[in-house]
Amino acid sequence: MKAIVCKSWGLPETLTVEDLPDVVPGPGQVAIDVHAAGVNFPDVLIIQNKYQFKPELPFTPGSELAGVVRAVGEGVKRFKAGDKVLAFVSLGAFAQQIAVPEPAVVPLPPGLDFDTAASFTLTYGTSHHAVVDRAQLKAGETMLVLGAAGGVGLAAIEIGKALGARVIAAASTDEKLAVCKEHGADATINYTTQDLREAIKAATDGKGPDVIYDPVGGVYAEPAFRSIAWRGRYLVIGFANGEIPKLPLNLPLLKGASLVGVFWGEFAKREPKANLAAMVQMMGWMAEGKIRPHISGRYALADTPRALSDMAARKVTGKVVIQPQK
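Worth saying up front: this structure is predicted, and the values here are computed from it rather than measured.

1. Some remarks on the packing of helix 3 (residues 121-134) against helix 10 (residues 272-287)
Thinking step 1. Running from N to C, helix 3 and helix 10 point in directions that differ by 110°, and their axes come no closer than 10 Å. As summarised for this structure, helix 3 and helix 10 are arranged roughly perpendicular, according to the angle between their axes. Contacts between helix 3 and helix 10 involve T121, Y124, G125 and H128 on the former and, on the latter, A278, M279, Q281, M282 and W285.
Thinking step 2. Classifying every residue of the contact of helix 3 with helix 10 by side-chain character gives five nonpolar, four polar and no charged.

2. Comments concerning unusual backbone geometry
Thinking step 1. Residue L57 is joined to P58 through a cis peptide bond whose omega torsion reads -15°.
Thinking step 2. Tracing the backbone through its elements, the reader meets P58 in the loop between helix 1 (41-46) and strand 4 (64-72).
Thinking step 3. The backbone of Q136 sits at a positive phi, close to 55°, despite the residue not being glycine.
Thinking step 4. Considering the arrangement of structural elements, one finds Q136 in the loop between helix 3 and strand 8 (142-145).
Thinking step 5. For Q136, a relative accessible area of 43% corresponds to the partly exposed category.
Thinking step 6. For R231, which is not a glycine, the phi torsion comes out positive at approximately 65°.
Thinking step 7. Take R231: it is sitting in the loop between helix 7 (221-226) and strand 12 (233-236).
Thinking step 8. Overall, R231 belongs to the exposed group, its relative accessible area being 60%.

3. Here we look at the pairing of strand 15 (residues 319-323)
Thinking step 1. Among the five residues of strand 15, five are classified as buried, and the element is accordingly described as predominantly covered.
Thinking step 2. Of the two faces of strand 15, the one holding K319, V321 and Q323 and the one holding V320 and I322 are both buried throughout.
Thinking step 3. Pairing geometry for strand 3 (residues 29-38) and strand 15, over two bridges, is antiparallel. Among the inter-strand pairings, G38 is bridged to a residue of strand 15, identified as V321.
Thinking step 4. Summarising the sheet, strand 14 (residues 295-300) and strand 15 pair through five bridges and their orientation is parallel. Each bridged residue has a counterpart across the sheet, and for G297 the counterpart in strand 15 is V320.
Thinking step 5. Crossover connection from strand 14 via helix 11 (residues 304-312) to parallel strand 15: handedness right-handed.

4. Description of helix 11
Thinking step 1. Turning to helix 11, its buried residues number three or more, namely T304, P305, A307, L308, D310 and M311.
Thinking step 2. Those residues of helix 11 that are buried are in contact with strand 1 (2-5), helix 1, strand 14 and strand 15.
Thinking step 3. R314 occupies a position one or two residues after helix 11 and carries a positive phi of about 55°.

5. Let's talk about the packing of aromatic side chains
What characterises a pair of aromatic rings is the spacing of the ring centres plus the angle enclosed by the ring planes.
Thinking step 1. What the rule picks out here adds up to five aromatic pairs.
Thinking step 2. A centroid spacing of 5.9 Å and a plane angle of 45° characterise the contact between W9 and F59, whose relative ring orientation is tilted. Of this pair, W9 sits in the loop between strand 1 and strand 2 (16-19) while F59 sits in the loop between helix 1 and strand 4, and the two are 50 residues apart along the sequence.
Thinking step 3. Seen from their ring centres, F120 and Y124 are 5.2 Å apart, and the 20° between their planes marks the pair as stacked. Y124 matches F120 in its accessibility class, with the two residues each being buried.

6. Some details on the sheet that holds strand 11 (residues 211-214)
Thinking step 1. Ordered in space as 10-9-8-11-12-13, the six strands form an open sheet in which the pairing is parallel. Strands at the two margins of the open sheet, each flanked by one partner only, are strand 10 (187-190) and strand 13 (258-261). With strand direction ignored, the average angle separating the axes of adjacent strands in the sheet is 20°.
Thinking step 2. Here strand 12 runs beside strand 13; their pairing, made up of four bridges, is parallel. Note on strand 13: the bridge partner recorded for L235 is V260.
Thinking step 3. Those strands touched by helix 3 are strand 8, strand 11, strand 12 and strand 13, and its axis lies near 160° from that of strand 11.
Thinking step 4. Its contacts with the sheet put helix 6 (residues 196-203) on strand 8, strand 9 (166-171) and strand 10, and the angle it makes with strand 10 is roughly 170°.

7. Points about the pairing of strand 9
Thinking step 1. Across the six residues of strand 9, five count as buried, placing the element largely inside the fold.
Thinking step 2. Both strand 8 and strand 9 contribute to a ladder of four bridges, which runs parallel. Residue pairing across strands places V145 opposite A169, the latter belonging to strand 9.
Thinking step 3. Running through helix 4 (residues 151-162), the crossover from strand 8 to the neighbouring parallel element strand 9 is right-handed.
Thinking step 4. In this sheet, strand 10 lies alongside strand 9 in parallel orientation, the contact comprising four bridges. By the bridge assignment, A169 is partnered in strand 10 with T188.

8. Quick look at the pattern of salt bridges
Thinking step 1. Applying the stated criterion across every chain, the model contains 14 salt bridges.
Thinking step 2. Ionic pairing is found between D186 and K161, a salt bridge with its closest N-O pair at 2.9 Å. Note that D186 is positioned in the loop between helix 5 (174-182) and strand 10 and K161 in helix 4, a separation of 25 residues in sequence.
Thinking step 3. Between K290 and E288 there is a salt bridge; the shortest N-O distance is 3.3 Å.

What counts and how
Residues numbered from 1 in each chain as written. Predicted model: local features only at pLDDT ≥ 70, side-chain atom pairs only at ≥ 80, totals over all residues. Heavy atoms only, no water. Axes fitted to C-alpha atoms, helices over the stretch in contact; angles between N-to-C directions. Helix = DSSP H or I, 4+ residues; strand = E, 2+ residues; numbered from the N terminus. Parallel < 35°, antiparallel > 145°, perpendicular 65-115°, else oblique. Contact = heavy atoms within 4.5 Å. Nonpolar A, V, L, I, M, F, W, Y, C, P; charged D, E, K, R; others polar. Buried < 20%, exposed > 50% of the residue type's maximum accessible area, 1.4 Å probe, protein only. Pairing = 2+ DSSP bridges. Right-handed = clockwise from strand over helix to strand, strands pointing away. Phe/Tyr/Trp six-rings, centres within 6.5 Å; stacked < 30°, edge-to-face > 60°. Salt bridge = Lys/Arg side-chain N within 4 Å of Asp/Glu carboxyl O.

Functional significance is not addressed by these values, which are geometric in nature.
This is how it looks when you write it as structure tokens:
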């Protein structure tokens with residue numbers, strides 16, 4: 001089978017496609033033929049040794065996938081060859097085959113295609129944990145989403161709307177903001193052409209947003225936080241901008257506001273029952289048409305470096321997927 005391999009830390013173009021032995025599942029493992037693997041911003045960071053999880057070289061990146069069970073190991077009871085499944089893993093999804101511990105595997109819901117399934121777990125898991133659990137967003141409140149056209153941003157918009165909140169989307173181009181409107185945003189801000197603080201003030205009648213969802217970091221963090229409502233919650237999702245901002249601590253004091261960290265991977269590991277309940281709720285929302293991953297690009301396995309480069313350059317709206325069997 002073929003797999004993407006990271007042999008040394010570096011940019012996406014340093015990745016190689018290698019021929020590796022077919023996967024044989026060990027005890028308690030499920031071997032899967034990968035039909036789709038979701039691309040996420042941490043994939044860009046991990047190959048450069050810039051992520052909090054630092055694997056040993058060499059390794060195959062990629063963390064979320066969907067496909068068909070090819071074989072099961074000793075002791076596996078829930079799955080059999082031919083079952084359609086999705087899974088979330090630490091590494092290994094950018095490959096034609098993978099062996100996954102049984103608890104990490106979930107049956108593919110009826111009617112859900114491989115590409116959509118592989119675009120769901122991390123982005124929607126992160127945004128649900130952030131918006132529902134950490135921010136406790138309520139119906140009638142207002143949420144501002146920075147970097148709103150990315151995978152987690154669009155997920156946050158949809159989840160906010162599913163909860164009955166008003167959602168303001170902020171992004172860098174009008175084209176990206178049009179996608180945000182399609183996914184339910186009530187108002188939009190182009191922060192390359194508009195003054196962010198003035199635009200937030202205008203969009204909230206001077207009250208500021210109750211929740212700010214920030215996967216970007218960088219220069220927009222402080223002006224956004226200065227605009228937050230009394231008792232607001234500022235969600236620290238990540239730093240796609242590449243710069244970790246430094247906020248003056250008098251700002252949360254003056255606004256009675258909270259800085260709230262969001263680390264979905266650790267949450268899923270420490271609180272698996274709560275994470276499962278979130279996934280069940282979102283599967284229901286998906287069945288009702290309230291949420292649906294936006295897939296803007298599909299790449300063959302050999303084009304994985306280009307997919308990661310597009311992600312790093314912030315050329316992506318929503319999600320892109322790798323299709324290893326093509």
